[in-house]
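Residue-level listing of the chains:
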Amino acid sequence: MSRPPTREYLYKILVVGDLGTGKTSIIRRYVHNIFSTNYKSTIGVDFALKVIQWSPEIIVRLQLWDIAGQERFGNMTRVYYKEALGAFVVYDVTRPQTFEGVTKWKQDLDSKVALPEPWGGGRIPVVLLANKSDLLQEGHGQPINQLEMDDFCRQNGFASWFDTSAKDNSNIDEAARYLIQTIVSLE
Ligand code: GDP
Ligand code: MG
């Protein structure tokens, strides 16, 4: 019996959100499985690659784009967003003002990036990450209201949301798997 040929997909994924929300930490945790509290903001654009055996027939090469130091402008150029197939918008659960940034980043994505032609040109799937959830467990910040978040996602066109911690390595794999699944099902 011959096996079906392996298919390989390259997915460009954007990681946006206000400064200090944990974007770089999430990428480093997901790709290299490391976390440090050492705050270093890099300037420019950085990307990391993770290769995933998604199924026996499908290999996904996930290219995660980190905006690295451009956050203060609250938006990015079209060139940066070009050919992205999905995005994470990150906020810090202990800083409500970074949640206000979420809508702004989502609008920036919606106005500047669309799925390439073969996928019909619609909006790219975007997943919201409520990061630093380990600090909530320690009593910092307001607990997340699940129903309100579900509602917020529906109203603002997010595919889903996850509470994550780059520190504790919680829910990052799950969020990535959800986003990949959403993109794979567009193929
Ligand atoms: P970025 O500006 O969005 O890239 O944020 P960084 O990844 O540089 O993180 C900013 C700060 O928050 C750093 O000091 C990180 O160590 C810290 N940080 C990031 N993620 C978490 C997390 O899940 N939990 C906690 N407690 N701290 C985090
Ligand atoms: Mg960063």
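The notes below deal with the structure included here.

Thresholds, definitions, all that
Residues numbered from 1 in each chain as written. Chains lettered and ligands numbered in written order. Predicted model: local features only at pLDDT ≥ 70, side-chain atom pairs only at ≥ 80, totals over all residues. Heavy atoms only, no water. Pairing = 2+ DSSP bridges. Helix = DSSP H or I, 4+ residues; strand = E, 2+ residues; numbered from the N terminus. Near = heavy atom within 4 Å. Polar contact = N/O pair within 3.5 Å; in protein donor to acceptor, adjacent residues only side chain to side chain. Areas by Shrake-Rupley, 256 points an atom, 1.4 Å probe, with all protein chains shown as cover. Nonpolar A, V, L, I, M, F, W, Y, C, P; charged D, E, K, R; others polar.

1. Structural notes on the pairing of strand E2 (residues 46-53)
And then number 1: Bridge count between E2 and strand E3 (residues 58-66): 8 bridges; the pairing is antiparallel. When the sheet's bridge partners are listed, Ile52 is paired in E3 with Val60.
And then number 2: Linking E2 to E3, which pair antiparallel, is a turn of 4 residues.

2. Quick look at the site of ligand 1
And then number 1: In the vicinity of ligand 1, 20 residues are found, and the nearest of them are Gly20, Lys23, Ser25, Asp134 and Ala166.
And then number 2: Within the backbone of Gly22, a nitrogen or oxygen atom sits 3.0 Å from an oxygen atom of ligand 1.
And then number 3: The backbone of Ala166 places a nitrogen or oxygen atom 2.8 Å from an oxygen atom of ligand 1.
And then number 4: Relative to its unbound accessible area of 580 Å², ligand 1 is 89% covered by the protein chains.
And then number 5: At the level of secondary structure, the elements contributing two or more residues to the shell around ligand 1 comprise helix H1 (23-32) and helix H4 (133-137).
And then number 6: Broken down by element, the residue count for the shell around ligand 1 peaks at 3 residues, all from H1.
And then number 7: Counted by class, the shell around ligand 1 contains 5 nonpolar, 9 polar and 6 charged residues.

Worth remembering: the numbers are spatial, not functional.
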